[in-house]
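# Descriptive structure summary
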Amino acid sequence: AIFWFFSFARKERPRPVGGRREQKMKIIVDAMGGDNAPGEIVKGALQAARARSDLEIVLVGKEDEVKAAAAACGGLPQGASIVNATEVIDMHDDPATAFKVKKDSSMTVGLTMLKNGEGDAFVSAGSTGALLSAGTLLVKRIRGIRRAAMAPLVPTAGQGLVLVDCGANAECTVEYLVQFAYLGSVYAAKALGMEKPRVGLLNIGTEDSKGDQLRRDTYLALKEAGEAGHLNFIGNIEAKEAVKGGCDVVVADGFSGNVMLKTIEGVGSFMGRELKGMFLSSLKTKIAALLVKSGLDAFKERLDPDTIGGTPFLGLQKPVIKAHGSSKARAIENAVYQAAAGVKADLAGEIEAKIGLMRTER
């Protein structure tokens, strides 16, 4: 549910800036992860394969089931293949150990392939905790990065904001938060094409004296980075101003970030229901709805789960994308495009180049 708002990675979006390769990108897809696997997962991944000639799709899962799902949507196109995996990690498995216990699961097999250089990126709608654990221990973090962070792109009044972290790290240190600022800034600039992304520290006020000791110390460290020209740090930012488009990257511990994200999600759901009820309340309002239909459709499009891509685990050595658990075909297709954007932007290389700037004595 926390990935409900990532509607910015669709194929019709401008191609990411940066780019390190012209050859095909091999995207490994966990065909058995998520509530609608394998049917919708396979369908979405193959839609991406058919839409873009620069993608090669590898579907990992129970071979017979994946083949049947592929046949139901026209068969495997050129550039798509299947790798057999006999087990599935589900939501009841211990996320910390599931990938070790189920060594032939689609998630474990796929991430191992990524680790071994048999693919460029990995996409899964499976267990978030299991994916984070497996990604960290199999693919591994970039040398010097203390914690991988989840960084969804949230719709705002502006071009959207990267919220980092949104749940992977509930308790943080100053060093973690400073690294999150760099991770989010690199992702926004290199994969999403935001010029000099504005970085704000989520806080209860804008003054530098606001917040607890962690926030005050982090503010000073980020201010130093901003003054040195390493980040475009704009200071503390309140959640309400961030949603209005006040910054491009919001830095938060995973607890605060998750609360912010789910609050936005709830408000969006509430507003959608209220608007629908208002426009269907009478003949006059139904006529009014017809007159503003295009605007309503555009609003709905931004909040529709089927238009969602996913969120990257920033800080890993290769792109790993978490799609929401209830993903349907369109969401998986967009998650594949988001994975490709991470590959093109060479996020790991860009982040690794800035490791020396992320150190803090606080």
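Relevant structure appears above.
Remember, predicted model here, so these are calculated numbers, not experimental data.

### Looking at the pattern of salt bridges
Per the counting criterion, the structure on display carries 10 salt bridges. Between D54 and R52 there is a salt bridge; the shortest N-O distance is 3.0 Å. Each member of the pair, D54 as well as R52, is classed as buried. What emerges from the salt-bridge pattern is a single network uniting D212, R215 and D253.

### What about helix α12 (residues 329-345)?
Taking 1.5 Å of rise per residue, 17 residues should cover 24 Å, and α12 covers 25 Å from first to last C-alpha, within 8% of that figure. Counting buried positions along α12 yields 16 of 17 residues, so the element is predominantly enclosed. The positive-phi residue at the C-terminal boundary of α12 is D346, with phi of around 50°.

### A short note on the nonpolar core
Within the largest apolar cluster, 39 residues are counted, with the highest numbers of intra-cluster contacts made by F180 and V251. For this core, the secondary structure elements donating two or more residues are β7 (161-164), α6 (174-191), β8 (198-202), α7 (213-227), β10 (249-251) and α13 (347-352). A per-element tally of this core places α6 first, with 12 residues. Not counting residues within four places of it along the chain, the set of residues in contact with F180 comprises R147, A149, V164, D165, N169, C172, V251 and A252. L114, F122, A134 and V320 belong to the second-largest nonpolar core, a separate cluster that totals 37 residues.

### Thoughts on a nonpolar patch on the surface
On the surface, L283, I287, L291 and V292 cluster together into a nonpolar patch covering about 430 Å² of accessible area. Within the secondary structure, V292 sits in the loop between α10 (283-291) and α11 (293-303).

### Things to note about empty space enclosed by the protein
Under the counting rule described, the total for this entry stands at 1 cavity of 30 Å³ or more. In this structure, the largest cavity occupies an estimated 110 Å³ of space. Secondary structure elements with two or more residues in the lining of the largest cavity: β11 (311-314), β12 (320-322), α12 and α13. Of the residues in the lining of the largest cavity, the class split is 11 nonpolar, 3 polar and 1 charged.

### Regarding the pairing of strand β1 (residues 25-30)
Burial runs high along β1: 5 of the 6 residues are buried. Of the strand pairs in this sheet, β1 and strand β2 (residues 55-61) are connected by 6 bridges, and their pairing is parallel. For I27, the partnering residue across the bridge sits in β2 and is I57. Handedness of the crossover joining β1 and β2 through helix α1 (residues 39-51) is recorded here as right-handed. Sheet analysis places β1 next to strand β4 (residues 121-124), joined by 3 bridges and oriented parallel.

### Focus: the packing of aromatic side chains
If you walk through the whole model with that rule in mind, you get 1 aromatic pair. Each ring, one from Y219 and one from F233, has its centre 5.7 Å from the other, and the planes form 70°; the classification is edge-to-face. Taken together, the residues span a long stretch of sequence, with Y219 in helix α7 and F233 in strand β9 (residues 232-237) at a distance of 14 residues. By the burial criterion, Y219 is buried, and F233 matches it.

Rules used throughout
- Residues numbered from 1 in each chain as written.
- Predicted model: local features only at pLDDT ≥ 70, side-chain atom pairs only at ≥ 80, totals over all residues.
- Heavy atoms only, no water.
- Salt bridge = Lys/Arg side-chain N within 4 Å of Asp/Glu carboxyl O.
- Buried < 20%, exposed > 50% of the residue type's maximum accessible area, 1.4 Å probe, protein only.
- Helix = DSSP H or I, 4+ residues; strand = E, 2+ residues; numbered from the N terminus.
- Expected span 1.5 Å × (residues − 1).
- Core = buried A, V, L, I, M, F, W, Y, C linked by side-chain atoms within 4.5 Å.
- Contact = heavy atoms within 4.5 Å.
- Patch = residues over 30% accessible without salt bridge, like charges linked within 9 Å, V, L, I, M, F, W, Y side chains within 5 Å.
- Areas by Shrake-Rupley, 256 points an atom, 1.4 Å probe, with all protein chains shown as cover.
- 1 Å grid on protein atoms, 1.4 Å probe; cavity = no way out; pocket = protein on both sides within 12 Å on 5 of 7 lines; lining within 4 Å.
- Points joined across faces, edges and corners; volume = space filled by probe spheres on them.
- Nonpolar A, V, L, I, M, F, W, Y, C, P; charged D, E, K, R; others polar.
- Pairing = 2+ DSSP bridges.
- Right-handed = clockwise from strand over helix to strand, strands pointing away.
- Phe/Tyr/Trp six-rings, centres within 6.5 Å; stacked < 30°, edge-to-face > 60°.

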